[in-house]
Amino acid sequence: MKKIFLIVLDGLGDRPNIELQGRTALQAAYKPNLNRLVKEGQAGIMHPVSPGSRTGSDTSHLSLLGYDPAKYYTGRGPFEAMGLGMTVLGGDIAFRANFGAVDANGVVTDRRAGRITSGTDKLADVLSFSVDGIDFFVKAGVEHRAALVMRGKGLSDRITDSDPHEPGLKVREVKPLDEKGKFTADVLNKYLSMARKKLTDHPVNTERIREGKEPANELLIRGAGQAPTLTPFSELFGMKAACISGIPMITGICRLVGMDSIAVKGATGRLDSDFRAKFEAAYKTLNDYDFLIMNVKATDIAGHDGNPIAKRDAIQRIDTAMKDIDKILQDTVVCITGDHSTPCAMKDHSGDPLPILFSTGGIRKDRAKLFDEISCTEGTYNINSGDVMKILLQLSDRAEKYGA
Ligand code: ZN
Ligand code: ZN
């Protein structure tokens with residue numbers, strides 16, 4: 001049996017760019033190592049989740065790891081909380097939240113608390129406490145954004161938002177959508193009124209009012225989602241697994257399925273990430289684990305920035321960083337793909353399929369020679385992301401026989 005190294009170049013897929021003479025970033029990149037892996041292995045085209053699906057990183061990573069998002073994706077709340085680096089466990093209820101400003105009558109005067117830029121971490125600090133046996137955790141994000149996580153027995157996400165979604169309206173009481181949501185709504189309303197008091201009295205807000213700014217005196221919550229309870233990856237596939245990722249949301253998903261997260265110094269989740277350090281850490285990690293997933297975010301960032309040159313350059317630097325990958329290839333199945341396309345021309349995720357490659361010692365080769373969106377159509381596969389684990393198990397001699 002071999003080990004498995006799954007490399008996800010986030011938002012890898014692209015569309016033709018005028019700046020690159022009609023080529024995709026991958027087509028334009030000088031990438032001898034990626035091309036060699038294709039030449040000496042198998043390639044193909046992969047649809048994130050299913051053909052035509054326009055996915056987020058959360059749904060595609062779940063799918064790549066063998067967890068069908070149609071079954072397990074429970075809304076953005078839990079994944080946004082993970083994105084802020086919060087611990088989210090199966091069964092937790094998570095919300096997206098805003099620090100907003102309300103007047104004495106409970107009417108929202110500004111959903112963004114005057115575009116608050118500082119002090120929200122201090123406000124969040126006083127909002128993590130317990131009510132009726134339920135633990136509440138709040139973490140501040142960028143500007144007015146935050147997330148709330150509830151943990152305890154008997155919770156349900158069948159409840160409404162407190163956020164009225166428009167200024168000039170009163171903060172809403174949280175209501176249950178059915179019998180199951182009743183306890184959660186009750187304890188949440190209790191919590192929110194205690195939170196309101198703590199926020200109103202907080203020095204950050206007294207200072208803001210003195211300066212003539214809107215106070216951040218209300219935590220407006222929306223989009224309740226219950227984090228799915230997932231069968232641990234190790235149980236599902238019989239492999240000891242780890243992840244390396246510079247972005248908290250992906251780390252959060254990997255932790256949710258019970259993987260160990262390996263921190264790498266210099267891995268920033270940005271364009272300036274130390275790709276070399278990540279690959280070196282990956283080779284080391286593979287000594288102790290059967291399965292490793294590594295996310296590289298830079299390609300997605302360049303796509304969102306609408307910068308094909310930066311995307312091409314990121315791919316080139318990643319290619320250079322993996323020049324020693326041959327040393328693990330004999331005993332490891334290496335798979336390189338993305339989680340979705342982020343075309344520079346679109347500055348967002350699209351449903352375009354992605355190239356995928358598989359390489360390992362003794363693998364059957366195919367006709368694909370270059371690692372890009374077009375050349376890989378000459379390869380073996382035309383698959384959905386949910387098929388990737390199956391192929392990896394097969395190539396690593398871990399697949400169980402179907403039939404006699
Ligand atoms: Zn992504
Ligand atoms: Zn993205």
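Now for a description of the structure that goes with this document. (Residues numbered from 1 in each chain as written. Chains lettered and ligands numbered in written order. Predicted model: local features only at pLDDT ≥ 70, side-chain atom pairs only at ≥ 80, totals over all residues. Heavy atoms only, no water.)

**Notes on the pairing of strand S7 (residues 145–151)**
Buried residues dominate S7, accounting for 5 of its 7 residues. The sheet contact formed by strand S3 (residues 93–102) and S7 spans 6 bridges and is antiparallel. Each bridged residue has a counterpart across the sheet, and for alanine 94 the counterpart in S7 is valine 149. In the sheet, strand S6 (residues 134–140) pairs with S7 via 6 bridges, with the strands oriented antiparallel. In the strand pairing of S7, phenylalanine 136 is matched with methionine 150. (Buried < 20%, exposed > 50% of the residue type's maximum accessible area, 1.4 Å probe, protein only. Helix = DSSP H or I, 4+ residues; strand = E, 2+ residues; numbered from the N terminus. Pairing = 2+ DSSP bridges.)

**Brief notes about the nonpolar core**
Counting 90 residues, the largest nonpolar core has Phe5, Phe233, Met259, Phe279, Phe291 and Ile336 as its most contacted members. In terms of domain composition, this core takes at least three residues from each of domain 1 (3–73 + 230–395) and domain 2 (86–225). (Core = buried A, V, L, I, M, F, W, Y, C linked by side-chain atoms within 4.5 Å. Domains from an automatic or database assignment.)

**Concerning the packing of aromatic side chains**
Counting across every chain of the model gives 9 aromatic pairs. Measuring from ring centre to ring centre gives 4.8 Å for phenylalanine 233 and phenylalanine 237, while their planes differ by 55°; the resulting arrangement is tilted. A residue pair is termed a helical-turn pair when its members lie 3 or 4 positions apart in one helix, as phenylalanine 233 and phenylalanine 237 do in helix H9 (residues 233–237) at 4 residues. Side by side, phenylalanine 233 and phenylalanine 237 carry an identical accessibility label, which is buried. Members of the aromatic cluster, each reached through a chain of ring pairs, are Phe5, Phe279 and Tyr283. Between lysine 198 and the ring centre of phenylalanine 129, over which it is positioned, the NZ or CZ distance is 4.8 Å. (Phe/Tyr/Trp six-rings, centres within 6.5 Å; stacked < 30°, edge-to-face > 60°. Lys NZ or Arg CZ within 6 Å of the ring centre and 35° of its normal.)

**Overview of the pattern of salt bridges**
Per the counting criterion, the structure on display carries 20 salt bridges. Across the pair arginine 151 and aspartate 92 runs a salt bridge whose closest N-O atoms are separated by 2.8 Å. Within this pair, whereas arginine 151 is found in strand S7, its partner aspartate 92 is found in the loop between helix H5 (76–83) and S3, the two being separated by 59 residues in sequence. Here aspartate 92 falls in the buried class, since its relative accessible area comes to 2%. Note that arginine 196 is salt-bridged to glutamate 218, the shortest N-O span being 2.6 Å. Here glutamate 218 lies in strand S8 (residues 218–226) and arginine 196 lies in helix H7 (residues 182–200), a separation of 22 residues in the sequence. Exposure remark for glutamate 218: the relative accessible area of 2% places this residue in the buried category. Each of the salt bridges in this network shares a partner with another, and the network as a whole consists of Asp10, Lys297 and Asp300. (Salt bridge = Lys/Arg side-chain N within 4 Å of Asp/Glu carboxyl O.)

**Quick word on the coordination of the zinc ion (ligand 2)**
Those donors, Asp300 (OD), Asp300 (OD), His304 (NE2) and His349 (NE2), are the protein atoms that reach the zinc ion (ligand 2), and they lie 2.0 to 2.6 Å from it. In the primary sequence, the donor residues of the zinc ion (ligand 2) line up as D-x3-H-x44-H. (Donors = N, O, S within 2.8 Å, 3.2 Å for Na, K, Ca; no water.)

**A short note on the pairing of strand S1 (residues 3–9)**
Extensive coverage of S1 is indicated by the burial of 6 of its 7 residues. Across 6 bridges, the pairing between S1 and strand S12 (residues 332–337) is parallel. Its bridge partner lying in S12, leucine 6 is registered against cysteine 335. Both S1 and strand S11 (residues 291–296) contribute to a ladder of 6 bridges, which runs parallel.

**A look at the coordination of the zinc ion (ligand 1)**
Protein coordination of the zinc ion (ligand 1) is provided by Asp10 (OD), Ser57 (OG), Asp339 (OD) and His340 (NE2), with donor distances spanning 1.9 to 2.1 Å. Of note is the zinc ion (ligand 1), whose 4 donor atoms meet at the metal with angles of 101 to 125° in an arrangement that counts as tetrahedral. The sequence pattern formed by the donor residues of the zinc ion (ligand 1) is D-x46-S-x281-D-H. (Tetrahedral: all angles 85-135°; square planar, octahedral: opposite > 155°, others 65-115°.)

**Some words on the side chain of glutamate 373**
Locating glutamate 373 in the fold gives a position in the loop between strand S13 (354–359) and strand S14 (381–384). Among the polar contacts listed, one links the side chain of glutamate 373 to the backbone nitrogen of aspartate 14, at a separation of 2.9 Å. Side chain to side chain, glutamate 373 and threonine 24 meet in a polar contact 2.8 Å long. Setting aside chain neighbours within four positions, we find glutamate 373 in contact with Leu12, Gly13, Asp14, Thr24, Leu26, Gln27, Ile45 and Pro355. (Polar contact = N/O pair within 3.5 Å; in protein donor to acceptor, adjacent residues only side chain to side chain. Contact = heavy atoms within 4.5 Å.)

**Notes on the packing of helix H11 (residues 275–285) against helix H13 (residues 308–321)**
Between H11 and H13, the shortest axis-to-axis distance is 8 Å and the interhelical angle comes to 40°. Looking at the two axes, H11 sits oblique to H13. For the crossing formed where H11 meets H13, the hand is right-handed. Within the contact between the two elements, H11 uses Phe275, Arg276 and Phe279 and H13 uses Ala314, Arg317, Ile318 and Ala321. Across the contact of H11 with H13, the residue classes break down as 5 nonpolar, no polar and 2 charged. (Axes fitted to C-alpha atoms, helices over the stretch in contact; angles between N-to-C directions. Parallel < 35°, antiparallel > 145°, perpendicular 65-115°, else oblique. Left-handed = near helix turned anticlockwise from the far one by under 90°. Nonpolar A, V, L, I, M, F, W, Y, C, P; charged D, E, K, R; others polar.)

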